[in-house]
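Now for the letters of each chain:
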Amino acid sequence: MGYFLSYYTYISFGCWVQNMLAAIIMLIFICFCVHFQNTAGQFFSSGHTNNWAVLVCTSRFWFNYRHVANTLSVYRSVKRLGIPDSHIVLMLADDMACNHRNPKPATVFSHRNMELNVYGDDVEVDYRGYEVTVENFLRVLTGRLPPSTPRSKRLLSDDRSNILIYLTGHGGNGFLKFQDSEEISNVELADAFEQMWQKRRYNELLFIIDTCQGASMYERFYSPNIMALASSQVGEDSLSHQPDLAIGVHLMDRYTFYLLEFLEDIHPASKSNMNDLFKVCPKSQCVSTPGHRTDLFLRDPGSVLITDFFGSVRKVEITMEAIHLTDPILQLEDGPMSEEVQEKTYSYVDQLPVSEIIHQKPKQKDWHPPDGFILGLWTLILLVFFKTYGIKHLKHIF
Amino acid sequence: MHSYFWLLIGRWEATEVDEAALGDSAADKLGVRASDTFVLTPTPQPKDDFQEELVIRPLHSGDIYASFQFRTLWETDFMRENKVSHYRLFPKSLGQVISKFSVRELHISFTQGYWRTMQWGQPFLPSPPGAELWVWFQDSVTDVDAAWKELTNVLSGIFCASLNFIDSTNTVQPSASFKPLGIVNETDHRFLRYATLPREIVCTENLTPWKKLLPCGSKAGLAVLLKSEKLFHSSFFSQTVHIRPVCQDRECKTTSWELRQTLNVVFDLHTSGQGKREWSLFKMFSRTLTEACPLASSSKIYIDVTDNPQEEYFELSPATPLLSQAVVLGDRRTFSVYDLTQQVTFGTVRSLNLLIRWKSTEGDMLRPLLHAERYVAGYGLQTGEIHTVMYNNHPFRSFPVLLLDSVPWYLRLYIHTLTVTSKGKDNTPSYIHYQPSKDRMRPHLLEMLVQLPPHSVTEVTVQFERALLKWTEYTPDPNHGFYVGSSVISALVPSSVAMDTNITQEQPLFSSFFPCKEESSYFVRVYTEPLLVNLPTPDFSMPYNVICLTCTVVAVGYGSLYNLLTRSFQIEEPNPRLAKKIANFIRRIRGVPLLS
């Protein structure tokens, strides 16, 4: 259309006017296209279509109650903001709720005076107890699980998934302790994330760690699109928040306590971005210095919404078009009911048929040729026999 | 109301409908041809049925025993070629498990706590502490072990439990125990697998998927009472799932699949606060009942009032005129019945809160005829002895019991030291089946048929030696100890009352679980305690200590020696003073020999 107009103007007006007009029309056309692109772009600006969360508590024993409470508070926030259980892989290394030391069974509290029960009534723990190992954690991340693993234990993410990974427990400079018997190093973790990137298992990844010297765990990351937060720098300890005198242990760690308070104010439509998350728990409250790393992340943290990782926001487009259904669906008939009269009657079996059991023949095992040891033994006996008695005496025996 | 809507099963057919009947504009908007409209015709009566029941039995120690039973019956065939796809009351996850793995019977239980037979009597459905799974596969399965492995993984996903730890080191194949509880043609024990996980913890994450299997979920009916905060604050909690084929009617020409979900809980008098001997539904479950499950054909509560005929021990309110008698566990018991499908049960307040108030604390408990204990004797961390003690409290009848013991491979049993004594004398078992263990591959299996003399104590002892595990095989908390699963004692106990062998008479669910073939005895299964044994545990910091020490010694010793041997010494000139430096510099420029 632009060319046609320019041709028309060439005929009717002078050269420079014609050029000017053509340029203006082209500009308007392009602007229109770009605007259209922008609205469509805004629609898919975050680039992800589904959300996953992997929440891991790595500590065992009753005095590490606070680590389980940490993980369950993040679980609760993430569920509240929309991520369903099928998209959450929750790993708890020990059971605190039904532990015999717990004065209020089936509860895990995060606030003193038992204000908030983060365990709730509808919790689905995918890996529990001895199953929480470094190997299982890395297998979940990379997707290399045995074929018989059920779906709820798998991280079935694709290249349009935003994944939230939360780790808590006891850690040190460059490692995180799993269950008092093994540890995962920051190099292993960085390599696992690189594997995930190469297999296109994530679109963007948010890594949060709440342990002592947590910042050392994200030092070695080298894959794109990872944003990391830690509760303390190298050389600092993350401290716990408050003990409860009735339960007798510390209930939460400081960083996650203030993180939970921050997340309680977020709702699925909130527009808070990552810069607010970086401000959670300043040194005055946390005693340690929380750190973050955004150099590997392509977008500006100010444009990343909290709900991009913690929630599962679906964008919908309403259409007024009518959809044509296919041919009517016929329900499958339930097969011709077996009309033939069943001659045999079924019956229950005797639960303890004493006479049958007593006269039970032992199972006929398959016959195997004699083992090497037995063969050697028989050979030795025969040799000794021939040695003592000589061959010519054999005729008396056979 | 909407629950009644989806009860109608529709058959979709294309029918001709007048164009005038449908508004033209509506037809055009929908873009459907008027000739293709759908008509719902209700099918003949549905082939599945759901019943729920709660039995409350006050115990003599002041505790109270509540047993929930939910049963779904469905006449269908999971084994046919066309996969079953329309599930109504039967949960789809379990139906798919049955058809995919060709399961004939499945019994799984999760238990927290140990059932104290001497104080509480016999339970309606026994279960051992931890998790227990036993499965009968169909005759068509070729590789039972592979199917068993996949089945345990799938069930661990469904119930959020670590059932994937069941492998060949804790699976056994009993040769005489655990006969099928459902309909069967013949029993070949090659298709049976049994495993226990005594260490398994039960918590809300196991209860939640169990509740989701119920047709009404936990929204209506008796399942609203199942709140985890109260259920786990108890002395004993057990949830089970049993799937088996049963007879549909007396002739038993057709079978249907039965899914039973049971939940047994014993509430402790003192931990529930107050200490007053008064129980109510609200005190036990922190809820009251307001309606029955609309999908249930029967919904009843039974309170055991046999010991209270004239209301001299406890008082039950609200009063109910319905009474029923049932023969359960060899005894004729009387029950007060509350029928939740009748609106009158809920009274004017539209909620039912049963109240049981004690007046006096006397009364005699019926002593259980059979119970068993097990313990480890010996000292030190090398050897030990397992003692299993079985008590027969019947005054004049003796009966046979089948003892099943599955001991992990790291306790090396010496079967030549096996002794069975009753009343001080040797008691030879009439049947022994022993399968020795293979290190790291399979456990010991010991099955014995022992005749227990009347009014006697029978003791089975066997010595063992503890093995030293490889250091990677220890759990992260090895000083806690290692568990040995409970022994299972199956017996046909003589009954004082004639048992009912009529399988199809309207019996309450709790009395019709074990099939009864003869009138004079009833089948009972008793589980002993699991054992906790300490294995010799190494000090896990030793590898680190050894590496540090060795490296230090090598570095200090060898390093010094190497330096001494290979270092050469040279004389070094001392640094010249500044004036001398400048003088040497000028001399160098002039080309004159330097000062020393």
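Residues numbered from 1 in each chain as written. Chains lettered and ligands numbered in written order. Predicted model: local features only at pLDDT ≥ 70, side-chain atom pairs only at ≥ 80, totals over all residues. Heavy atoms only, no water.

Looking up chain B in an unreviewed UniProt entry gives the name Phosphatidylinositol glycan anchor biosynthesis class T, with the organism given as Nothobranchius furzeri.

As annotated in an unreviewed UniProt entry, chain A carries the name GPI-anchor transamidase and is attributed to Nothobranchius furzeri. The UniProt entry for chain A carries the following comment under Pathway (unreviewed entry): "Glycolipid biosynthesis; glycosylphosphatidylinositol-anchor biosynthesis." Quoted verbatim from the Subunit (unreviewed entry) field of the UniProt record, the comment on chain A reads "Heteropentamer. Part of the GPI-anchor transamidase complex, consisting of PIGK, PIGT, PIGS, PIGU and GAA1. Interacts with GPAA1. Interacts with PIGT; this interaction, via a disulfide link, stabilizes the expression of GAA1 and PIGK and links them to PIGS." (UniProt positions renumbered as here; feature names shortened; annotations may be inferred.)

### Brief notes about the overall build of chain A
Tallying secondary structure elements over chain A gives twelve helices and ten strands in all. Within chain A, the proportion of its 398 residues that are buried is 47%. Restricting to contacts in chain A with at least 6 residues of sequence separation, those with at least 24 account for 72%. Carbon and sulfur atoms make up 60% of the accessible area of chain A, which amounts to about 22,100 Å² in all. (Helix = DSSP H or I, 4+ residues; strand = E, 2+ residues; numbered from the N terminus. Buried < 20%, exposed > 50% of the residue type's maximum accessible area, 1.4 Å probe, protein only. Contact = heavy atoms within 4.5 Å. Areas by Shrake-Rupley, 256 points an atom, 1.4 Å probe, with all protein chains shown as cover.)

### A word on the sheet that holds strand β20 (residues 411–422) of chain B
The five strands lie next to each other as β17-β18-β24-β20-β21 (chain B), forming an open sheet whose pairing is antiparallel. Each edge of the sheet is formed by a strand with only one pairing partner; in this case those strands are β17 (370–377) and β21 (425–426) of chain B. (Pairing = 2+ DSSP bridges.)

### Structural notes on empty space enclosed by the protein
One pass over the full model with this rule turns up six cavities of 30 Å³ or more. Partitioned by chemical class, the residues of the lining of the largest cavity number six nonpolar, four polar and six charged. (1 Å grid on protein atoms, 1.4 Å probe; cavity = no way out; pocket = protein on both sides within 12 Å on 5 of 7 lines; lining within 4 Å. Points joined across faces, edges and corners; volume = space filled by probe spheres on them. Nonpolar A, V, L, I, M, F, W, Y, C, P; charged D, E, K, R; others polar.)

### A short note on the pairing of β20 of chain B
All names here are of chain B. Here β20 runs beside strand β24 (residues 456–466); their pairing, made up of eight bridges, is antiparallel. Bridging from a neighbouring strand, Val420 pairs with Val460 of β24. Pairing geometry for β20 and β21, over two bridges, is antiparallel. Of the residues in β21, the one forming a bridge with Thr421 is Asp426.

### Section: the interface of chain B and chain A
With 71 residues of chain B in contact, the opposing surface of chain A contributes 54 residues. Summed over both partners, the interface of chain B with chain A comes to about 5,500 Å²; 57% of that surface belongs to carbon and sulfur atoms. A per-residue breakdown of the area chain B buries against chain A is headed by Glu205, Lys253 and Pro476 of chain B, which together make up 11% of the total. Taken together, the links from chain B to chain A amount to five salt bridges. Salt-bridge contacts for Lys212 of chain B lead to Asp122 of chain A; the nearest nitrogen and oxygen are separated by 3.5 Å. Seen at the junction of chain B and chain A, the total is 17 residue pairs in polar contact (both at pLDDT 80 or more). Where the side of chain B that touches chain A is concerned, the elements lending two or more residues are α2 (24–30), α5 (144–159), α6 (204–212), α7 (228–231), β9 (236–247), β19 (399–407), β26 (488–494) and β27 (521–527) of chain B. Here the element with the most residues in the side of chain B that touches chain A is α6 of chain B; it accounts for six residues. Across the side of chain B that touches chain A, the residue classes tally to 29 nonpolar, 22 polar and 20 charged. (Buried area = accessible area lost by both parts, 1.4 Å probe. Salt bridge = Lys/Arg side-chain N within 4 Å of Asp/Glu carboxyl O. Polar contact = N/O pair within 3.5 Å; in protein donor to acceptor, adjacent residues only side chain to side chain.)

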